[in-house]
Amino acid sequence: MQLKKEHVMVDHLTPLLRPATVSAPECPVKQQERMQQEDGGRARGRPRQCNTCKWTNSTTNICQQKNVIYEIKCLVCSERYVGETERRVEKRVTEHRDSARKEMVATPWGKHWATHSASPVQLDDIKIIATASDRAKRKIREAIEIRERKPEINISNGWELLEG
């Protein structure tokens, strides 16, 4: 049976609820710091600042994780956004930040940030909620999280879920 976007049964979702812990490559900034410590404090090249890791309260390497459902909180007003991505979190968060900075009102973060036009763009507390390597599973889990968490910044509720 092929899953259709508009007809997904919620009672079949138990296998989708995998914990959010995944192994990911080391954050480039943390890797550089570790290598510098191993070299007795000698600096290695120009430091790269990881914009994703600087906006997270996590000790894991969120920036390099893929196939995740995530939540981002606005630093200015504490409103939240839930999304999913197949790509590295760093890439997706950069896109959110750019749409906010450019006030692209067709996007959730652009529309939201237009209300904070006097403030510099600052995303805060990026959290990985869950992982799912299959696109349909990510979309279903994203819709579940949006329904349960009711994030204020989301424009869409994701896939429509039917009660089973």
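Residues numbered from 1 in each chain as written. Predicted model: local features only at pLDDT ≥ 70, side-chain atom pairs only at ≥ 80, totals over all residues. Heavy atoms only, no water.

## Some thoughts on the overall build of the protein
Just so we agree on the cut-off: The way it works is that DSSP assigns letters per residue, a run of H or I at least four long becomes a helix, a run of E at least two long becomes a strand, and they are numbered from the N terminus. Buried, partly exposed and exposed residues are distinguished by accessible area as a fraction of the type maximum, computed with a 1.4 Å probe on protein chains only: under 20%, between the cut-offs, and over 50%, respectively. For this analysis, residues touch if any pair of their heavy atoms sits within 4.5 Å. With residues, only the protein chains shown are counted as cover, and all accessible areas are computed by Shrake-Rupley using a 1.4 Å probe.
What the protein contains, in helices and strands, is four helices and five strands. The N-to-C order of helical and strand elements in the protein reads β-α-β-β-α-α-β-α-β. Residues classed as buried in the protein amount to 40% of the 164 residues present. Expressed as a percentage of contacts within the protein between residues at least 6 apart in sequence, the contacts between residues at least 24 apart total 65%. Carbon and sulfur atoms make up 47% of the accessible area of the protein, which amounts to about 9600 Å² in all.

## A look at the pairing of strand β3 (residues 80–85)
The criterion, for reference: DSSP calls a pair of strands paired once it identifies at least 2 bridges connecting them.
Counted residue by residue, β3 has five buried out of six residues, so it is predominantly covered. Bridge analysis of strand β2 (residues 68–74) against β3 gives six bridges, and the strand direction is antiparallel. Paired with I69 across the strands is E84, a residue of β3.

## As for the pairing of β2
Across the seven residues that make up β2, a large majority, six, are buried. Two successive antiparallel strands, β2 and β3, enclose a turn made up of five residues, where S78 displays a positive phi of approximately 70 degrees.

## Side note on the layout of surface pockets
Test applied: Points on a 1 Å grid over protein atoms alone make up a cavity when a 1.4 Å probe fits among them but cannot get out, and a pocket when they form an open set with protein on both sides within 12 Å along at least five of seven lines; lining residues each have an atom within 4 Å of a point. Grid points are joined across faces, edges and corners, and a volume is the space filled by probe spheres set on the points. Residues are grouped as follows: Ala, Val, Leu, Ile, Met, Phe, Trp, Tyr, Cys and Pro are nonpolar; Asp, Glu, Lys and Arg are charged; every other residue, Gly included, is polar.
Of the pockets and cavities examined, the largest pocket occupies roughly 250 Å³. Listed by contribution, the elements that provide at least two residues to the lining of the largest pocket are β3 and α4 (135–149). Its residues assigned to classes, the lining of the largest pocket shows five nonpolar, five polar and six charged.

## Quick notes on the nonpolar core
Considering soluble globular proteins, one finds that nonpolar side chains tend to be buried as a cluster. Condition: Here, nonpolar core means buried Ala, Val, Leu, Ile, Met, Phe, Trp, Tyr and Cys residues that are tied together by side-chain atoms lying within 4.5 Å of each other.
Core analysis: the biggest nonpolar cluster contains 14 residues, and Y70, I72, V89, W109, I126 and I128 have the highest contact counts within it. Mapped by element, the contributors of at least two residues to this core are β2, α2 (89–101), α3 (108–113) and β4 (123–131). Element by element, the count of residues in this core is highest for β2, at four residues. Setting aside anything within four residues of it in sequence, one finds Y70 in contact with Y81, V82, G83, E84, T85, R92, H96, K127, I128 and I129.

## Some details on the state of the cysteines
Definition in use: Disulfides are defined as pairs of cysteine sulfur atoms found within 2.5 Å of each other.
Applying the stated rule across the entire model yields zero disulfides. Summary of cysteine pairing: C74 is not part of a disulfide, and the nearest cysteine sulfur, belonging to C77, is at 3.7 Å.

## Things to note about the packing of aromatic side chains
For any pair of aromatic rings, the description rests on two quantities: the centre-to-centre distance and the angle between the ring planes. This is how the line gets drawn: Note on aromatic contacts: the rings of Phe and Tyr and the six-membered ring of Trp form a pair at centre separations within 6.5 Å, being stacked when their planes are under 30 degrees apart, edge-to-face when over 60 apart, and tilted otherwise.
Tallied over the full model, the rule gives two aromatic pairs. Look at Y70 and Y81: their rings are 6.3 Å apart centre to centre, the planes differ by 40 degrees, and that puts the pair in the tilted class. Taken together, the residues Y70 in strand β2 and Y81 in strand β3 connect sequence positions eleven residues apart. The exposure classification of Y70 matches that of Y81, with both residues buried. Between Y81 and W109, the aromatic rings sit 6.2 Å apart at their centres with planes inclined by 55 degrees, giving tilted as the arrangement. Taken together, the positions of Y81 in strand β3 and W109 in helix α3 put the pair 28 residues apart, joining distant regions of the chain. Its relative accessible area of 8% is what places Y81 among the buried residues. Residue classification places W109 among the buried positions, given a relative accessible area of 1%. Through a chain of ring-to-ring contacts, the aromatic side chains of Y70, Y81 and W109 assemble into a single cluster.

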